[in-house]
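# Residue-level structure breakdown
Listed below are the residues making up each chain.
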2 protein chains.
Amino acid sequence: MPNPTAAMLVIGDEILSGRTQDTNTNHLAVKLTEVGINLREVRVVGDEASEIVAAVNALRTRFDYIFTSGGIGPTHDDITADCIAEAFDVGISVREDARAILATNYKNPDVDLNEARLRMARIPDGADLIDNPISKAPGFRMENVHVMAGVPTVFHAMVESVLPTLTGGEPLLSITVRIEAPEGEIAARLSQMAKETPSLSFGSYPFIQNGLFGSNIVVRGTNAGHLKTAREELEDLAKSLKA
Amino acid sequence: MPNPTAAMLVIGDEILSGRTQDTNTNHLAVKLTEVGINLREVRVVGDEASEIVAAVNALRTRFDYIFTSGGIGPTHDDITADCIAEAFDVGISVREDARAILATNYKNPDVDLNEARLRMARIPDGADLIDNPISKAPGFRMENVHVMAGVPTVFHAMVESVLPTLTGGEPLLSITVRIEAPEGEIAARLSQMAKETPSLSFGSYPFIQNGLFGSNIVVRGTNAGHLKTAREELEDLAKSLKA
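Residues numbered from 1 in each chain as written. Chains lettered and ligands numbered in written order. Predicted model: local features only at pLDDT ≥ 70, side-chain atom pairs only at ≥ 80, totals over all residues.

## Focus on the sheet that holds strand β1 (residues 5-11) of chain A
Sheet architecture is open: twelve strands sit in the order β6(A)-β7(A)-β8(A)-β3(A)-β1(A)-β2(A)-β2(B)-β1(B)-β3(B)-β8(B)-β7(B)-β6(B), paired in mixed fashion. Among the strands making up the open sheet, the edge pair consists of β6 (128-130) of chain A together with β6 (128-130) of chain B. The sheet shows a mean angle of 20° between the axes of neighbouring strands, taken without regard to direction. As paired elements, β1 of chain A and strand β2 (residues 38-45) of chain A share seven bridges and run parallel to each other. Bridged to Ala6 of chain A within β2 of chain A is Leu39 of chain A. (Pairing = 2+ DSSP bridges. Helix = DSSP H or I, 4+ residues; strand = E, 2+ residues; numbered from the N terminus. Axes fitted to C-alpha atoms, helices over the stretch in contact; angles between N-to-C directions.)

In structure tokens, the structure reads:
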């Protein structure tokens, strides 16, 4: 059985304007790879309802798991929860369990849990809450869509809350061999290896370091024996080019 | 006239597996914002022809400018140029001008310009070359799609080659005011300001720093006077919350 697939949707004008470097995608990618779930697509859209709804609907039907990041805070530009409700065509309202969780964050909930903060307790009908041990305001899961915060520390904590609920696949193993020669010198041999061992995927990731052109060859697969053979062949190739 | 729009397509399994943190998007976003071009969507897909072609075709009809990063090297997993030809339904072959540029990179082009490297001279019919001062192998522009390298130093250089050819819009100005209070304390006032000044966009980007909850309020727009007023009001708000 092939591994489950996933997509990530990053929501926020600040990523598109260049103000903020998204790092949540990389964090999620590493975590999913560890448990054998294949991240297959990432999209970034701005704080624009029509674009968020369209992206959620395009992705949730094509992949097993969807993860979103951003837009679930208390301010007027936090519209992700409403967009999810719209995408699934369900209602949304302040939910008592979410409100109770939020209330634990404040000394005086009657005063402090103002209208803006109550926005964070608005949950689409039928969703399950995702625990937020950092700042309390929960994320939520609506069918296969996991809606999480944009602030990296909170996103990371929510990913930890979600991971045990996912069904993983065969963990993808990988080896990396650094070859200090331009890609063009090794491309033919690499292509041949890829053809000979269809159980493995061969990626070549070129670098330029202090004027030296080289490439990291990353081989991925679930068969440890095949990977070991590939590593030996690549190390021989690396040596032969250095000599 | 509204500013021109843009989308970025990042191509590469290494981003989706978490091995590599994409930074090209952020670099492009900053550069486009400076010249008044609005980056509106980003997608990341793997080294899979059908997904690259579908993404290129989905984006190139919706936005003024498309930029891609990755998959134009000499190895078997570098399939971006072929995918662009397929997306535009045009032919692709080794082009003499591209081959001549590549040849300048080698002491002995007759030997060194092997079959793998010649892949980098395969250019879709009708495309213009994009200069690569770092490692010579050119990118190319096919109508509104700019195809560039994934290696950051080369990507940056290609962006510099491309920028003068783009028609920019009104540069977006922005101010940032740091407020050391939780978002929930300022959300109502912020929402009011956003309603009062529709010429500006108000974003709230929360942070958690040493246990302190706060938010950077970023206001964007093209009217310097409106921005100045917004800054004064936000600074007053920040002071009132500290007192």
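Structure shown, so let's carry the discussion forward.
## Focus: the confidence of the model for chain A
Chain-level pLDDT for chain A is 94 on average; 100% of the residues reach the 70-or-more range. Here the complex is predicted with pTM 0.93, and the ipTM for its interfaces comes to 0.92. (pLDDT = per-residue confidence, 0-100.)

## Concerning the domain arrangement of chain A
Along its sequence, chain A is organised into domain 1 (5-165) and domain 2 (173-242). Domain 1 of chain A and domain 2 of chain A are separated by 38 Å when their C-alpha centres are compared. (Domains from an automatic or database assignment.)

## Details of the sheet that holds strand β9 (residues 173-179) of chain A
Residues and elements named next belong to chain A. Across the sheet, which stays open at both edges, the three strands sit in the order β9-β11-β10 with antiparallel pairing between neighbours. Edge positions in the sheet fall to β9 and β10 (201-209), since each of these pairs with one other strand and no more. With strand direction ignored, the average angle separating the axes of adjacent strands in the sheet is 20°. Bridge count between β10 and strand β11 (residues 212-221): nine bridges; the pairing is antiparallel. Counterpart to Pro206 in the pairing with β11 is Ser215. Helix-sheet contacts for helix α9 (residues 183-196) involve β9, β10 and β11, and the interaxial angle to β10 is about 170°. (Contact = placed C-beta atoms within 7 Å.)

## What about the interface of chain B and chain A?
How big an interface is tends to be stated in terms of the accessible area lost upon association of its parts. Taken together, the 48 residues of chain B in the interface contact 48 residues of chain A. Taken together, the elements giving at least two residues each to the side of chain B that touches chain A come down to α1 (13-16), α2 (24-34), β2 (38-45), α7 (115-118), α9 (183-196) and β10 (201-209) of chain B. The pairing of β2 of chain A with β2 of chain B spans five bridges and is classified as antiparallel. Paired with Val45 of chain A across the strands is Glu41 of chain B, a residue of β2 of chain B.

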